[in-house]
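Results of the structural survey
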Amino acid sequence: MEYISIDLAEIPYRFEIELAGDVFTFEIHYNHEFDFFTVDLEKNGEVLVYGEKIVYGRPLFSAISDSRLPKVKIVPRDPSGQATRVGWDELETSVFLFVEPLEGETG
């Protein structure tokens, strides 16, 4: 299963990624005080989402209805089933941002 790799040593940082044929820019931030991560999302230089908190088991951007968003689900989860949150100790250790097709999409 495909996942988006996050380089904890580089945070805050930006990277481009192709998802379902479209190129997006992700910017990853970390809140040291409350131990959580956020994502800003851009497409073609336009900010689509600012400060989306990465929450375990909840697809990123799921509360937003915008046709410019990625045509995939990005779901933070732990394949071992042990983690229940996405903090510094979990992300890229046991929790990964898995890329999955949307329901009804084969693609």
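This text goes with the structure placed above it.
These remarks concern the structure in this document. Just so you know, these numbers come straight off a predicted model, no measurement behind them. (Residues numbered from 1 in each chain as written. Predicted model: local features only at pLDDT ≥ 70, side-chain atom pairs only at ≥ 80, totals over all residues. Heavy atoms only, no water.)

**Quick look at the sheet that holds strand 7 (residues 96-101)**
Overall, antiparallel pairing links the 3 strands, which are arranged 1-7-6 in an open sheet. Both edges of this open sheet fall to strand 1 (3-4) and strand 6 (72-77), since each of them pairs with a single strand only. Looking at chain direction, strand 1 and strand 7 are connected through 2 bridges and run antiparallel. Within strand 7, the position partnered with isoleucine 4 by the bridge is leucine 97. (Pairing = 2+ DSSP bridges. Helix = DSSP H or I, 4+ residues; strand = E, 2+ residues; numbered from the N terminus.)

**What to know about the pattern of salt bridges**
Scanning the model with the defined rule gives 10 salt bridges in all. For arginine 14, the salt bridge goes to glutamate 27, with nearest N and O atoms at 2.7 Å. Residue arginine 14 is found in strand 2 (residues 13-19), and its partner glutamate 27 is found in strand 3 (residues 22-31); the two are separated by 13 residues along the sequence. When the shortest N-O distance is used, the salt bridge between glutamate 46 and arginine 68 registers 2.7 Å. With glutamate 46 in strand 5 (residues 46-53) and arginine 68 in the loop between strand 5 and strand 6, the pair connects residues that are 22 residues apart, well separated along the chain. Look at glutamate 46 and you get partly exposed, because its relative accessible area is 41%. In the salt-bridge network here, residues are joined through shared partners; they are Arg14, Glu27 and Glu42. (Salt bridge = Lys/Arg side-chain N within 4 Å of Asp/Glu carboxyl O. Buried < 20%, exposed > 50% of the residue type's maximum accessible area, 1.4 Å probe, protein only.)

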